[in-house]
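Understanding the architecture of this molecule
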Amino acid sequence: MDKLLLLEDDISLVEGLCYSLKKNGFQMEVARTIREAEKKLGERGDFDLLLFDVTLPDGNSFSLCEKIRERGDMVPIIFLTASEEETSVIFGLDCGGDDYITKPFKLGELCSRIRALLRRSKRPQGEGGCLKSGNLTVNLKEGRGRKNGEILEFTGAEYRLLCLFLENRGRILTRTMILDKLWDGAGSYVDDNTLSVYVRRLREKLEENPSCPKRLVTVRGVGYQWEE
């Protein structure tokens with residue numbers, strides 16, 4: 001049974017989510033503040049996935065997400081946010097979040113995203129093979145990328161997206177194909193803007209000039225293509 005930590009201060013939402021997620025086969029722990037969440041993560045750091053409301057009584061969960069990533073913990077993190085503003089989405093993904101879902105949301109949508117991230121996080125990364133393109137190398141066993149020999153820092157979703165492009169070099173991937181692959185078949189639930197954010201972040205890390213990409217190029221009206 002997968003163990004989830006829910007960080008949320010809305011009592012009515014906590015009760016409803018815990019009841020529903022337990023009925024769907026998840027084991028639940030709840031924290032009402034960032035301090036309480038840090039304590040639970042420190043005492044029982046064996047959670048399979050984290051659900052973080054953004055605004056809490058003692059701050060926002062973006063800072064907590066950054067702390068988790070800084071110590072090398074790649075546990076999947078989904079943000080529960082009341083904001084659809086692009087800046088908020090970008091900040092959440094940039095600090096290490098894997099996905100976000102906007103309130104109010106449907107339980108089926110949330111469960112699909114949770115299961116997709118859990119499947120991705122438990123999937124083996126290969127037997128020591130590498131993906132290469134020019135000065136870029138991705139070691140599948142380490143789950144790490146390098147550009148000109150220097151280590152690149154990626155969130156879990158950025159890493160999966162990069163591998164998807166490298167595995168399909170020269171092939172045009174539609175946005176629908178990418179979303180379904182990235183979220184393991186749950187792409188119909190994912191805001192199309194999320195993919196745009198990931199692509200932008202990858203370009204900033206990989207391209208010499210992100211505003212004029214030469215590797216990860218846009219095929220207007222269709223999707224994206226990785227060029228050597």
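Summary of the structure given here. (Residues numbered from 1 in each chain as written. Predicted model: local features only at pLDDT ≥ 70, side-chain atom pairs only at ≥ 80, totals over all residues. Heavy atoms only, no water.)

1. Some details on the pairing of strand β6 (residues 77-81)
Rules: Burial classification: accessible surface area is computed with a 1.4 Å probe over protein chains only, and a residue below 20% of its type maximum counts as buried, one above 50% as exposed, and the rest as partly exposed. In this description a helix means any DSSP run of H or I spanning at least four residues, a strand means any run of E spanning at least two, and both kinds are numbered starting from the N terminus. When DSSP locates at least two bridges between a pair of strands, those strands are taken to pair.
Counting buried residues along β6, five of its five residues qualify, which places the element largely inside the surrounding structure. The two faces of β6 match: I77, F79 and T81 on one face and I78 and L80 on the other face are all buried. Note: strand β3 (residues 49-53) against β6, four bridges, orientation parallel. Looking across to β6, one finds that L50 is bridged to I77. Pairing geometry for β6 and strand β7 (residues 99-102), over four bridges, is parallel. Note that in β7 the partner of F79 across the bridge is Y100.

2. Structural notes on unusual backbone geometry
Each neighbour pair has its own omega, and for K103 with P104 the value is -5°, a cis peptide bond. Relative to the assigned elements, P104 resides in the loop between β7 and α5 (107-122).

3. Notes on the pattern of salt bridges
For clarity, the threshold we go by: A pair is scored as a salt bridge if a Lys or Arg side-chain nitrogen falls within 4 Å of a carboxyl oxygen belonging to Asp or Glu.
For the coordinates displayed, the defined rule picks out 13 salt bridges. The salt bridge partner of D53 is K103, with a shortest N-O separation of 3.0 Å. With a gap of 50 residues between them, D53 in strand β3 and K103 in the loop between β7 and α5 connect regions that are remote in the sequence. Between D98 and R69 there is a salt bridge whose closest N-O contact spans 2.9 Å. Of the two residues, D98 is situated in the loop between α4 (86-94) and β7 and R69 in helix α3 (residues 61-70); the sequence distance between them amounts to 29 residues. Here D98 matches R69 in class, with each residue buried. Through salt bridges with shared partners, a single ionic network connects E8, D53 and K103.

4. Brief notes about the sheet that holds strand β12 (residues 172-174)
The strands making up a sheet associate through backbone hydrogen bonding, with each pair oriented either parallel or antiparallel. The condition is simple: Between the N-to-C directions of two axes lies an angle of 0 to 180 degrees, each axis being a line fitted to C-alpha atoms and, for a helix, fitted only over the stretch in contact.
One open sheet holds the three strands; their spatial order is β12-β14-β13, and the pairing between them is antiparallel. Pairing within the sheet leaves two strands with one partner each, and these edge strands are β12 and β13 (216-219). Each strand axis lies, on average, 30° off the axis of its neighbour in the sheet, ignoring direction. Examined bridge by bridge, β12 and strand β14 (residues 223-226) share three bridges and lie antiparallel to one another.

Purely geometric stuff here, so don't read any function into it on its own.
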